[in-house]
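Examination of the molecular architecture
Below are the chains, spelled out letter by letter.
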Amino acid sequence: MRPVNLLLIIQLAAGATILRVLLIIVVSILTGWLLAYASIKSSIFESIYIPVISSMESVPVITFFPVVLVIFVTRIGGPLGTELASDFLVMTAVVWNIWIAQYQSFKTVPKELQEVTINHELGFFSKMRRLYMPFSMPKIAANLFPSFADGLFYITVSEVFSIGTKSFSVFGIGSLIPRLVASGDMYYVWVAMLTLAAWVAIITFVFRYIARFSVAKYGLDTAAPIRRRGKVNIMHTYQAWNTLTGPMKRLSKHFTSTFRVLPTRGSFGRRWSALSSSRKYIMIGAFLFILIALLAEIALYVVSVPIGYWGYLISYTPLILYNMAFDYARVAIITLISLVIAIFVGYYLAVHQRAAVTVFPAIQIISAFPAPVYFPLVFAATFGYMYAVFPASSEIYVLFLGFISTFYYVFYSFWMGVQTIPSEFWEIMENHELGFFTRMRRIILPATFPYLVAGLSSTIDSAWGGLMIGEYWPDIFSGKTLEVHVGLMKMLDVFTYQGRIGLAAWSSLLFAIVVTIFSLFFTKKLMTMAREKYVIEEGVYAA
């Protein structure tokens, strides 16, 4: 192939990958609004929805291969089936934290704002457009960065994937780079990586603008940029005081305009009221239809499995649980390190705007650049020294890969939470000259608790992706294999590469059960606690 043609193909492949990820993020946001609203309106749906999305976020992309094989590759087939399979795998990487953030936003809407919508008898679309969607924008903006990064992190296993001895791929940079590496065209590998880095930088700056805009427009009485102690700005104080009732004034204007437009009487009004009253039953019917269809598909698959094979799968259960325990220990270490870095670095960047201007974009670009693309180069440059000094270097590599694949969830969430703290609370901290740890204990951590819950949940659930790739990486460099001795993700990798889809599916099922139990006792309870005790925006109205 001529160099000019190859350079053009690289540009098109990078554009196709970026477009694929961005479109899936948009779809995730649109569907997440509907699901989040349904979850706050129905406790039954919420009890099902939260464990399901928490479980799905924890399940690595590779464990969806059986679903991809059965539904997309086998049932649909052809280029369309492969493209849908790739899109589905990318979506399983980017969608969950956005849905969790939207649910958490809807769950923590201040009671005063909810009472306004009730008193004005707003309908579904008015509530969504005037209250819930705007209130969720800061948290959605905080999760655009990690979702985009997560989507790119998995392109090497979503745009080209193997199930047993068969390989499937779609056009994109994730499938092009492995082919260039296999052919030894390292010059074009670097060109592809630089092209992807340029795209990442552009999208990162766009997302950063969206985050700033969301906080400024939709945050309740936030101070942006955050003022440092000792600096008095009379105009800023006046503006902060003037915006104290700003959100309520804007809502009141919207409500007034709504009542001027919407008819209160007439046939259209009666038809709309009838439709609104039946909306609950329509949603329940749609949910039951989807649930029954999924259960029917699962039942057909279960019946087709011989009874003897079930005994074979059950015999592996103790070994699967043993390996799962080791991986949970690794996830705990990754989460603790991510939380400490998020609190100290995130707070520093939030209150020091000059440092944030240079440091934050660099962190965003690094975190968004797919680690599986450059990690083999890091391994090649360090493995000789690492294995000579540290016998357990494989564990260090795996923890590092898990960290760089997930730390940005809690980091971005905490950073965004600090920026959305109302200005009155910053004035209190400055007037009382509170120290760093006192601020953290009394105001910052309680104020950012809803953001931390969403960030920690996504960090815990997404750390498995890095473990999945790192625990068993054959031929990572010069014929060497990176692998650990014990780990569930290694078992899933080995089972998938060997074509033992039944064992991989059984391991994924047990893993999903454990994650569901964890989500019931962690995610849902902490989010409920955040709603009841730690919605700092309500402090503005209480004052």
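Definitions and limits used
Residues numbered from 1 in each chain as written. Predicted model: local features only at pLDDT ≥ 70, side-chain atom pairs only at ≥ 80, totals over all residues. Heavy atoms only, no water. Helix = DSSP H or I, 4+ residues; strand = E, 2+ residues; numbered from the N terminus. Buried < 20%, exposed > 50% of the residue type's maximum accessible area, 1.4 Å probe, protein only. Contact = heavy atoms within 4.5 Å. Areas by Shrake-Rupley, 256 points an atom, 1.4 Å probe, with all protein chains shown as cover. Pairing = 2+ DSSP bridges. Axes fitted to C-alpha atoms, helices over the stretch in contact; angles between N-to-C directions. Parallel < 35°, antiparallel > 145°, perpendicular 65-115°, else oblique. Left-handed = near helix turned anticlockwise from the far one by under 90°. Nonpolar A, V, L, I, M, F, W, Y, C, P; charged D, E, K, R; others polar. Patch = residues over 30% accessible without salt bridge, like charges linked within 9 Å, V, L, I, M, F, W, Y side chains within 5 Å. Salt bridge = Lys/Arg side-chain N within 4 Å of Asp/Glu carboxyl O. Phe/Tyr/Trp six-rings, centres within 6.5 Å; stacked < 30°, edge-to-face > 60°. Core = buried A, V, L, I, M, F, W, Y, C linked by side-chain atoms within 4.5 Å. Expected span 1.5 Å × (residues − 1). pLDDT = per-residue confidence, 0-100.

Section: the overall build of the protein
- Counting its regular elements, the protein contains 25 helices and four strands.
- With 543 residues in all, the protein has 51% of them scored as buried.
- Long-range contacts, defined here as pairs at least 24 residues apart, represent 82% of the contacts in the protein between residues at least 6 apart.
- Carbon and sulfur atoms form 70% of the exposed surface of the protein, whose accessible area is close to 25,500 Å².

A few points about the pairing of strand β4 (residues 480–483)
- In this sheet, β4 lies alongside strand β3 (residues 472–477) in antiparallel orientation, the contact comprising three bridges. Looking at the pairing, F477 lines up with K480 of β4.
- Counting the residues in the hairpin turn of β3 and β4 gives two residues, including S478, whose phi is positive at 55 degrees.

Section: the packing of helix α14 (residues 317–351) against helix α17 (residues 393–404)
- For the pair α14 and α17, interaxial distance at closest approach is 10 Å and the crossing angle is 50 degrees. Put simply, α14 runs oblique to α17. For the pair α14 and α17, the crossing hand works out as right-handed. Contacts between α14 and α17 involve R330, I333, I334, I337, S338 and I341 on the former and, on the latter, E395, V398, L399, G402 and F403.
- For the contact of α14 with α17, a count of residues per class yields seven nonpolar, two polar and two charged.

Description of a nonpolar patch on the surface
- There is a patch of nonpolar side chains on the surface, built from I333, L336, I337, V340, I341, F344, V345 and F437 and spanning about 720 Å² of accessible area.
- The biggest single contributor to the nonpolar patch is α14, with seven residues.
- Position of F344 relative to the elements: it lies in helix α14.

Some points on the packing of aromatic side chains
- Taken as a whole and judged by the stated rule, the model has 25 aromatic pairs.
- On the numbers, 5.1 Å between centres and 80 degrees between planes, the contact of F436 with F437 is edge-to-face.
- Accessibility expressed as a relative area gives 62% for F437, which makes it exposed.
- Each residue in the set F375, F379, F383, Y387, Y397, F400 and W473 is aromatic and connected to the rest through ring pairs, giving one cluster.

Considering the environment of P178
- In this structure, P178 sits in helix α8 (residues 173–183).
- The class of P178 is partly exposed, set by a relative accessible area of 36%.
- The spatial distance from the C-alpha of P178 to the C-alpha of V160 is 8.8 Å, given a sequence separation of 18 residues.

Things to note about the nonpolar core
- Formed by 132 residues in total, the largest nonpolar core has its most connected members in I10, F148, I173 and I444.
- Setting aside residues no more than four positions away along its own chain, I444 makes contact with Y347, F414, V418, I421, W426, M429 and R439.

Here we look at the pattern of salt bridges
- The tally for this structure, following the rule as stated, stands at seven salt bridges.
- The salt bridge involving R330 is made with D327; its shortest N-O contact spans 2.6 Å. A residue pair is termed a helical-turn pair when its members lie 3 or 4 positions apart in one helix, as R330 and D327 do in helix α14 at three residues. The two residues R330 and D327 agree in class, both being buried.
- A single network of salt bridges, built from pairs that share partners, joins D327, R330, E395 and E471.

A few points about unusual backbone geometry
- Even without glycine at this site, E433 takes up a positive phi of about 50 degrees.
- Residue placement: E433 occurs in the loop between α19 (423–431) and α20 (436–447).
- On the basis of relative accessible area, E433 is assigned to the exposed category, the value being 61%.

Looking at α17
- Helix length check: α17 (twelve residues) gives 17 Å between terminal C-alpha atoms against 16 Å at 1.5 Å per residue, within 8%.
- Within α17, the full set of buried residues consists of S393, S394, Y397, V398, L401, G402, F403 and I404.

Topic: the packing of helix α6 (residues 124–153) against helix α18 (residues 407–419)
- At a minimum axis distance of 9 Å, the contact between α6 and α18 shows a crossing angle of 160 degrees. The orientation of α6 relative to α18 falls into the category roughly antiparallel. α18 is crossed by α6, and the crossing has right-handed handedness. The segment α6 lies against α18, with P138, A141, A142, N143, F145, P146, A149 and D150 engaging Y408, Y409, Y412, S413 and M416.
- For the contact of α6 with α18, a count of residues per class yields ten nonpolar, two polar and one charged.

Describing the environment of L452
- Tracing the backbone shows L452 in helix α21 (residues 449–470).
- In this structure L452 comes out as buried when scored by relative accessible area, which is 8%.
- Taking the C-alpha atoms as reference points, L452 and Y409, separated by 43 residues in sequence, lie 9.2 Å from one another.

A few points about the confidence of the model for the protein
- With 75% of its residues at a pLDDT of 70 or more, the protein shows a mean pLDDT of 75.
- Element-level mean pLDDT values for the protein span from 36 in helix α10 (residues 234–242) up to 90 in α14.
- Considering only residues more than four positions removed or in separate chains, one finds that residues 221–270, a stretch of pLDDT under 50, has 62 contacts.

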